[in-house]
Amino acid sequence: MIHSLNGQVALVTGGTKGIGKAIANKLAEAGAQVVVTARTAPKETASGQYFIAADLAQPAGAELVAAEIREKYGKVDIVVNNAGANLSPGGGFSTLADEHWHQDWQLNFMAAVRINKALLPAMIGKGSGAILHISTVAALQPIWEMTMSYSSAKAALNAYSKALASELGPKGIRVNLVSPGVVRTPLMLEFIEQIAKSSNMTSAEALKVVMDKINIPMGRMAEPEEIAATVLFLVSQEARYITGANYLVDGGALPTV
Ligand SMILES: NC(=O)c1ccc[n+]([C@@H]2O[C@H](COP(=O)([O-])OP(=O)(O)OC[C@H]3O[C@@H](n4cnc5c(N)ncnc54)[C@H](OP(=O)(O)O)[C@@H]3O)[C@@H](O)[C@H]2O)c1
């Protein structure tokens, strides 16, 4: 196996569905012991994986996850901050109340800040580790009608990730971002359904609106496994000289380099 993670403990937040589930499976296949978190337990936990229930939009969630990892494994080598979602309504600035901004920032930004803060002392103590943040191309190319507060929170995540990589490079810990474009996950399918409902369209018409708006040269959504493959590379030893980077996995959607 090229990317062996034998003997490593990996945390994947939001690891029960969509991109997070694909990442958890990929890291487990590579030999890692994988801890997955979500608010709701999955029907079954895959072999090589351990589930912790926690709401990471709440400050207590991160400490609960970190305490259980410390008790069960005594260490963590890889942290994938994946839990996230566009929680706010579309329509631009005037539709966004303080509570919308707050909930988008809690889940898409503060959850990662808190998880890292709780787990980093142990990683720094052993002088190695990899942190991976799942962002979005919408952080670099916000769509005002659809993603204003979500894009802002993820853009903050990008800046934080870069700053953390600079701080932790000398301590042997790498920090990177993966920014997907449009991925076929429960979250994305729900988002398309919401557009269909609010605009009185069929699901196929709503999907076309999203695809036209984003203009993906490869002409299709990504599958979650295509994001997970890049994550596996970045957290593995094959990427040992890569830190502070942002890998776009978007089928060419972002029109700049
Ligand atoms: N899908 C896309 O097209 C796309 C594109 C760009 C970026 N992304 C990013 O990729 C990441 C994953 O998205 P996805 O599409 O795979 O989402 P998804 O299918 O909705 O899965 C989200 C996962 O996060 C968990 N989660 C949600 N809210 C949580 C909370 N408050 N506390 C703890 N866990 C929570 C969910 O489980 P529970 O609901 O049980 O908590 C689930 O396991 C997100 O950061 C998203 O912003 C997605």
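A brief structural summary. Small disclaimer: the values here were computed from a predicted structure and weren't measured. (Residues numbered from 1 in each chain as written. Predicted model: local features only at pLDDT ≥ 70, side-chain atom pairs only at ≥ 80, totals over all residues. Heavy atoms only, no water.)

**Some thoughts on the overall build of the protein chain**
If you tally the helices and strands in the protein chain, you get 7 helices and 7 strands. If you list the helices and strands of the protein chain from N to C, you get β-α-β-β-α-β-α-β-α-β-α-α-α-β. Against the compact-globule benchmark of 18 Å for 257 residues, the protein chain has a radius of gyration of 18 Å, which places it among compact chains. Taking the principal axes of its C-alpha atoms as reference, the protein chain extends roughly 55 × 40 × 35 Å. Counting across all 257 residues of the protein chain, residues that qualify as buried make up 50%. In the protein chain, the proportion of contacts linking residues at least 24 apart, taken out of those at least 6 apart, comes to 69%. Element-wise, carbon and sulfur atoms account for 56% of the exposed surface of the protein chain, whose accessible area totals about 12400 Å². (Helix = DSSP H or I, 4+ residues; strand = E, 2+ residues; numbered from the N terminus. Rg over C-alpha atoms; globule rule 2.2 N^0.38 Å. Buried < 20%, exposed > 50% of the residue type's maximum accessible area, 1.4 Å probe, protein only. Contact = heavy atoms within 4.5 Å. Areas by Shrake-Rupley, 256 points an atom, 1.4 Å probe, with all protein chains shown as cover.)

**Brief notes about the environment of Ile134**
Residue position: Ile134 is located in strand S5 (residues 129–134). The class for Ile134 is buried, based on a relative accessible area of 4%. Sequence-distant contacts of Ile134, defined by excluding residues within four places in its chain, comprise Ile23, Val80, Asn81, Asn82, Lys154, Leu157, Val178, Pro180 and Val231.

**Topic: unusual backbone geometry**
Note on backbone geometry: most residues besides glycine have negative phi, and most peptide bonds are trans. Positioned with a positive phi, Asn200 is a non-glycine residue whose angle comes to about 55 degrees. Topologically, Asn200 is positioned in the loop between helix H5 (186–198) and helix H6 (203–214). Classification of Asn200 as exposed rests on a relative accessible area of 75%. Unlike most non-glycine residues, Asn215 shows phi in positive territory, near 50 degrees.

**Regarding the pairing of strand S4 (residues 78–81)**
The alternating pattern of S4 places Ile78 and Val80 on one face and Val79 and Asn81 on the opposite face, and all of these are buried. Pairing between strand S1 (residues 9–13) and S4: 3 bridges, direction parallel. Of the residues in S4, the one forming a bridge with Val12 is Val80. Across 4 bridges, the pairing between S4 and S5 is parallel. In the sheet register, Asn81 faces S5, and the bridge partner there is His133. Since S4 and S5 lie parallel, the crossover through helix H3 (residues 98–126) that links them has a hand, and here it is right-handed. (Pairing = 2+ DSSP bridges. Right-handed = clockwise from strand over helix to strand, strands pointing away.)

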